[in-house]
Structure formats: C-alpha cells, structure tokens
Amino acid sequence: MTAYHGPALVTLATSLLLFLCAAYVGRCRVKFGIQAPATTGHQQFEIAYRIQMNTLENVVLVLPVLWIFALSLSPWWATLLGCAWLTGRVWYALAYAREPRTRGPGFLLAMLSFGALALGSAWGLWRGLFP
C-alpha cells in the first residue's frame, strides 16, 4: 500500500471536500430558512447547492480514473493530477460562492486534470491489455 499513499490521500481529501460542500449547503439552509426537501429559495443557497451537486457529479467521474491511473501507470502522477483536480474544485467552489461568473478558471483546471487522468487511465489499461 505504501506506493499508493498519495492517491489514498487525494481520495481522503476529496471526501473532506464533499463533507465541506454538504456542510455549506446545511449552513445556507439554516441561514436562509430553506426547509428540506426544497432545493430552491435564496440565491446563495442555490449556489451552495449547485457547488455541492456539481462537485459530487465530478467526484463520481474522477475517483475511478484516479485509481486506474495510479494502478496502471503511476501513483506519483496520479497524486499530482489528483491534487491539481482538488485545487481546481476548491478554487471553483470558493469562486462560485463569491461570484458565480468567476468559477471558470477553477472549473477548467479541474476538467483538464480529469482529462489527463482519464486519458492516462485509458493508455495504462491499453498498455496492460496489449503489451
């Protein structure tokens, strides 16, 4: 397992990010009086909700390719790209919460990192299947 501490830490940090996004939604629910199961109401609540949902949607895509990349190519590069993805998602979340129009650069960094992980995973699997 020692070779995979980096991807494991990225996975753990991703879980923390999901928790923090959910906590932000909960805080906005209380602050703006949005009763569950409503997902609309105050603009800042809706922003928090979109941050959480968009992050969750991305996590479902990123974690499998992170681990396939780590196992088939390089745990070190998987860690580096996973950290870049996390940085992009945190940047996206903070920018979106402050001013939704400024979320683009964080989104782009996360998507480029995801793309590199996905392509690397495909290449690593291809190499393994057809040596």
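Check the entry above for the structure.
What you are looking at is a predicted structure, and each value in this text was computed from that prediction instead of being measured.

Q: What is the right way to read the side chain of Thr-79 from this model?
A: Within the fold, Thr-79 resides in helix 3 (residues 75-98). Polar contacts involving the side chain of Thr-79 include one to the main-chain carbonyl oxygen of Pro-75, which spans 2.8 Å. Aside from chain neighbours lying at most four places away, what touches Thr-79 is Gly-6, Pro-7 and Val-10.

Q: In this structure, what is going on with the packing of helix 3 against helix 4 (residues 104-129)? I would like to understand it.
A: When two helices pack together, their arrangement is given by the angle between the helix axes and by the axis-to-axis distance. With their axes 7 Å apart at the nearest point, helix 3 and helix 4 run at an angle of 155° to one another. The orientation of helix 3 relative to helix 4 falls into the category roughly antiparallel. Both helix 3 and helix 4 take part in a crossing whose hand is left-handed. Within the contact between the two elements, helix 3 uses Ala-78, Leu-81, Gly-82, Ala-84, Trp-85, Thr-87, Gly-88, Arg-89, Trp-91 and Tyr-92 and helix 4 uses Pro-105, Gly-106, Phe-107, Leu-109, Ala-110, Ser-113, Phe-114, Ala-116 and Leu-117. Partitioned by chemical class, the residues of the contact of helix 3 with helix 4 number 13 nonpolar, five polar and one charged.

Q: Before we go on, may I ask you to explain the packing of aromatic side chains in this structure?
A: Any two aromatic rings considered together are summarised by their centre-to-centre distance and by the angle between their planes. Scanning the model with the defined rule gives six aromatic pairs in all. Aromatic side chains Trp-76 and Trp-77 sit 4.9 Å apart centroid to centroid with 85° between the ring planes, which places their arrangement in the edge-to-face category. Its relative accessible area of 55% is what places Trp-76 among the exposed residues. Residue classification places Trp-77 among the partly exposed positions, given a relative accessible area of 46%. Ring centres of Tyr-92 and Phe-107 lie 6.2 Å apart, and the angle between their planes is 45°; on these two criteria the pair is classed as tilted. Of the two residues, Tyr-92 sits in helix 3 while Phe-107 sits in helix 4, which places them 15 residues apart along the sequence. On the accessibility criterion, Tyr-92 (3% relative accessible area) is buried. Take Phe-107: its relative accessible area is 35%, and that puts it in the partly exposed class. Within the aromatic cluster, the residues linked to one another by ring pairs are Tyr-92, Tyr-96 and Phe-107. Against the face of Tyr-92 rests Arg-89, its NZ or CZ located 4.2 Å from the ring centre. The ring of Tyr-96 has Arg-103 sitting right over it, with the charged end atom 4.6 Å from the ring centre.

Rules of the game
Residues numbered from 1 in each chain as written. Predicted model: local features only at pLDDT ≥ 70, side-chain atom pairs only at ≥ 80, totals over all residues. Heavy atoms only, no water. Helix = DSSP H or I, 4+ residues; strand = E, 2+ residues; numbered from the N terminus. Polar contact = N/O pair within 3.5 Å; in protein donor to acceptor, adjacent residues only side chain to side chain. Contact = heavy atoms within 4.5 Å. Axes fitted to C-alpha atoms, helices over the stretch in contact; angles between N-to-C directions. Parallel < 35°, antiparallel > 145°, perpendicular 65-115°, else oblique. Left-handed = near helix turned anticlockwise from the far one by under 90°. Nonpolar A, V, L, I, M, F, W, Y, C, P; charged D, E, K, R; others polar. Phe/Tyr/Trp six-rings, centres within 6.5 Å; stacked < 30°, edge-to-face > 60°. Buried < 20%, exposed > 50% of the residue type's maximum accessible area, 1.4 Å probe, protein only. Lys NZ or Arg CZ within 6 Å of the ring centre and 35° of its normal.

None of this, on its own, says anything about what the molecule does.
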